[in-house]
Amino acid sequence: MYHFIVNPNSRSGKGRLLWNKIYNELESKNVDYKIYFTEIENNGTKIAHEITKDSHECNIIAIGGDGTVNEVINGIKDFSKVTFSYIPTGSSNDFAKGLNLSNDYVEALDKLLNPKNFKEINIGIVSNKNEKRYFAVSCGIGFDADVCYEALNSTMKKLLNKLNLGKLTYFVIAVKRLFLSKMISMDVSFDNKQYIKYNKVFFIAAMNLPYEGGGLKLSPDAICDDDILDICLVNNLPKIKIFTLLPTAFKGKHTRFKGVNLKKCKKIDIKTSTPMAVHVDGEYFGYQNNINISYDKHKLKVIV
């Protein structure tokens, strides 16, 4: 049995159009499946929890954007019991890009029905004293979270999606937020070691995959199954300098600039002088001043 969790509103309704094509393929092949639509916010989490609550082995396929992937993984009870597949329809699709998954639904469908290659990927956890959220791509605090939050509520994104230019949303908003987001001091501890104070921090991103924010290659060396978080910390850079290096991040060339700090760790703890926006896979996690980021003990098996 295959469980398809579909966001029909992904990319301004293209999720539903794609599902109609996949439906015809499934029917012609006499595949045994169930379909669930995520019509309301966080519905994907509830659906995935219902599917996996008995802890039996199952196949789950998410159809949507990175936000749909995030909703689904946050509902899975036991990652070790799930075989996961993804057919991208979103504007950024950083999860698919990071795992080199096909954007062609025919090819993607053939792979999940006739799987040959699997990758067991790490699943990140960000937590504070009250709650926790899983992430598959990245978690960030500061500027990148400001961009993600505004993109979630952007009318421009809907327009650009209709023009097949959805990825431009993040770049346009990034340029705007560049001059609005604040730089603040942060105390950071890597792997439970002594806290280090970083001044004028623009953002910190904990990366499980190389890309976030619509194709920004923030951590070029990130490997999703090595149990290591790749950290990109940007501080003590004038905003005009950040503006000039922002385009280089699409190729991962920003790493050569002073002020761009790349670290590797299994756990990172962050305390900020004032609450800052936090995102998980581009989804809003509120304003926080004390967060902890690490990995879940189980990995998720993904068909690639």
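Counting starts from 1 at the beginning of each chain's written sequence and moves along it residue by residue. It should be noted that, the model being predicted, local features are given only for residues of pLDDT at least 70 and side-chain atom pairs only at 80 or more, the latter also being counted only at that level, while totals for whole chains, interfaces and linings use all residues. Water and hydrogen atoms play no part in the side-chain values, which are based on all heavy atoms of the structure.

## Notes on the overall build of the chain
Moving on, step 1. Looking only at helices and strands, the chain has nine helices and 15 strands in total.
Moving on, step 2. Only C-alpha atoms enter the radius of gyration; for comparison, a globular chain is expected to reach 2.2 Å times N to the power 0.38, where N is the number of residues. The C-alpha radius of gyration computed for the chain amounts to 19 Å, which stays within 12% of the reference 19 Å derived for 304 residues, consistent with globular compactness.
Moving on, step 3. Considered along the principal axes of its C-alpha atoms, the chain spans approximately 60 × 40 × 30 Å.
Moving on, step 4. When contacts within the chain are restricted to residue pairs at least 6 apart in sequence, long-range pairs at least 24 apart make up 72% of them.
Moving on, step 5. The Shrake-Rupley method, run with a 1.4 Å probe sphere, supplies the accessible areas, and residue values consider only the shown protein chains as cover. Counting only carbon and sulfur atoms, one obtains 49% of the accessible surface of the chain, whose full area is about 13,900 Å².
Moving on, step 6. Only four residue types enter the charge count, namely Lys and Arg as positive and Asp and Glu as negative; His and the chain termini do not. The location of each charge is read from NZ of Lys, CZ of Arg, CG of Asp or CD of Glu. Side chains of the chain give 42 positive and 32 negative charges; the mean places of these two sets differ by 7 Å. Numbered from the N terminus, helices here are DSSP runs of H or I no shorter than four residues, and strands are runs of E no shorter than two. Note on contacts: a residue pair is in contact if any heavy atoms of the two residues lie within 4.5 Å.

## Structural notes on the packing of aromatic side chains
Moving on, step 1. Pairing of aromatic rings covers Phe, Tyr and the six-membered ring of Trp, with a centre-to-centre limit of 6.5 Å; geometry is then stacked below 30 degrees between planes, edge-to-face above 60, and tilted otherwise. On inspection of all chains with the given rule, the structure shows twelve aromatic pairs.
Moving on, step 2. Arranged with centres 6.3 Å apart and planes meeting at 70 degrees, the rings of Tyr284 and Tyr287 form a pair that is edge-to-face.
Moving on, step 3. Overall, the relative accessible area of 33% leaves Tyr284 in the partly exposed class.
Moving on, step 4. Chaining the aromatic ring pairs together yields one cluster made of Phe4, Trp19, Tyr23 and Tyr33.
Moving on, step 5. Cation placement over rings: the criterion is NZ of Lys or CZ of Arg within 6 Å of the ring centroid and within 35° of the ring normal. Sitting over the face of the ring of Tyr211, Lys97 holds its NZ or CZ atom 4.9 Å from the ring centroid.
Moving on, step 6. Sitting over the ring of Tyr195, Lys271 keeps its end group 4.7 Å from the ring centre. For every residue, the accessible area (1.4 Å probe, protein chains only) is compared with the maximum for its type, and the residue is labelled buried under 20%, exposed over 50%, or partly exposed between those bounds.

## Focus on the side chain of Ser219
Moving on, step 1. Within the secondary structure, Ser219 is located in the loop between β10 (196-207) and β11 (229-235).
Moving on, step 2. Setting aside chain neighbours within four positions, we find Ser219 in contact with Met207, Pro210, Asp230, Ile231 and Cys232.

## Describing a nonpolar patch on the surface
Moving on, step 1. The patches described consist of residues with a relative accessible area above 30% and no salt bridge, like charges being joined within 9 Å and nonpolar side chains (Val, Leu, Ile, Met, Phe, Trp, Tyr) within 5 Å. By salt bridge we mean one thing: a side-chain nitrogen of Lys or Arg within 4 Å of a carboxyl oxygen of Asp or Glu. On the surface, Tyr149, Leu152, Tyr284 and Tyr287 cluster together to form a nonpolar patch covering roughly 380 Å² of accessible area.
Moving on, step 2. Every element with two or more residues in the nonpolar patch is listed here: α6 (143-152) and β14 (283-295).
Moving on, step 3. Position of Tyr149 relative to the elements: it lies in helix α6.
Moving on, step 4. Given a relative accessible area of 35%, Tyr149 falls into the partly exposed group.

## Regarding a positive patch on the surface
Moving on, step 1. A cluster of basic side chains, namely Lys97, Lys251, Lys253 and Arg256, defines a positive patch on the protein surface.
Moving on, step 2. Mapped onto the secondary structure, Lys251 falls in the loop between α9 (239-245) and β12 (260-265).
Moving on, step 3. Since its relative accessible area comes to 65%, Lys251 is described here as exposed.

## Regarding the pairing of strand β7 (residues 132-135)
Moving on, step 1. Strands pair, by our definition, only if DSSP identifies at least two bridges between them. With four bridges joining them, strand β6 (residues 124-127) and β7 adopt antiparallel strand pairing. Each residue of the ladder has a partner; that of Ser127, found in β7, is Lys132.
Moving on, step 2. What sits between β6 and β7 in their antiparallel hairpin is a turn of four residues.

## Thoughts on the environment of Glu131
Moving on, step 1. Tracing the backbone through its elements, the reader meets Glu131 in the loop between β6 and β7.
Moving on, step 2. On a C-alpha basis, the gap between Glu131 and Glu41 in space is 18 Å, while along the polypeptide they are 90 residues apart.

## Brief notes about the nonpolar core
Moving on, step 1. By nonpolar core is meant a set of buried Ala, Val, Leu, Ile, Met, Phe, Trp, Tyr and Cys residues that side-chain atoms within 4.5 Å join together. Ranked by size, the top nonpolar core spans 29 residues in total, and within it Ile60, Phe84, Phe95 and Leu300 carry the most contacts.
Moving on, step 2. Looking at this core, the elements that each hand over two or more residues are α2 (43-52), β3 (58-64), α3 (66-73), β4 (82-88), α4 (94-99) and β15 (300-303).
Moving on, step 3. If we skip the residues at most four places from it in the chain, Phe84 touches Ile60, Ala62, Val69, Val72, Phe95, Leu300, Lys301, Val302 and Ile303.
Moving on, step 4. Counting residues in hydrophobic clusters, the runner-up holds 25 residues, among them Cys139, Ile231, Leu233 and Ile268.

## Let's talk about the pattern of salt bridges
Moving on, step 1. Tallying each qualifying case throughout the model produces eleven salt bridges.
Moving on, step 2. Here Glu39 and Arg16 are joined by a salt bridge, their closest N and O atoms 3.2 Å apart. Note that Glu39 is positioned in the loop between β2 (33-37) and α2 and Arg16 in helix α1 (residues 10-28), a separation of 23 residues in sequence.
Moving on, step 3. A salt bridge links Lys53 to Glu50; the nearest nitrogen and oxygen atoms lie 2.7 Å apart.
Moving on, step 4. On the basis of relative accessibility, which here comes to 36%, the residue Lys53 falls in the partly exposed class.
Moving on, step 5. Salt bridges sharing partners connect three or more residues here, namely Asp146, Glu150 and Arg177.

## Thoughts on the sheet that holds β2
Moving on, step 1. The mixed open sheet is built from six strands, whose spatial order is β2-β1-β3-β4-β15-β5. One side of each edge strand has no neighbouring strand; the edge strands of this open sheet are β2 and β5 (118-121). Strand after strand, the sheet turns through a mean of 25 degrees between neighbouring axes, direction not considered.
Moving on, step 2. As paired elements, strand β1 (residues 2-6) and β3 share five bridges and run parallel to each other. Paired with Val6 across the bridge in β3 is Ile63.
Moving on, step 3. Lines fitted to C-alpha atoms define the axes here, with helix axes fitted over just the stretch in contact, and angles between the N-to-C directions of these axes take values from 0 to 180 degrees. Along the sheet, α2 contacts β1, β2, β3 and β4; its crossing angle with β1, the most-contacted strand, is approximately 170 degrees.

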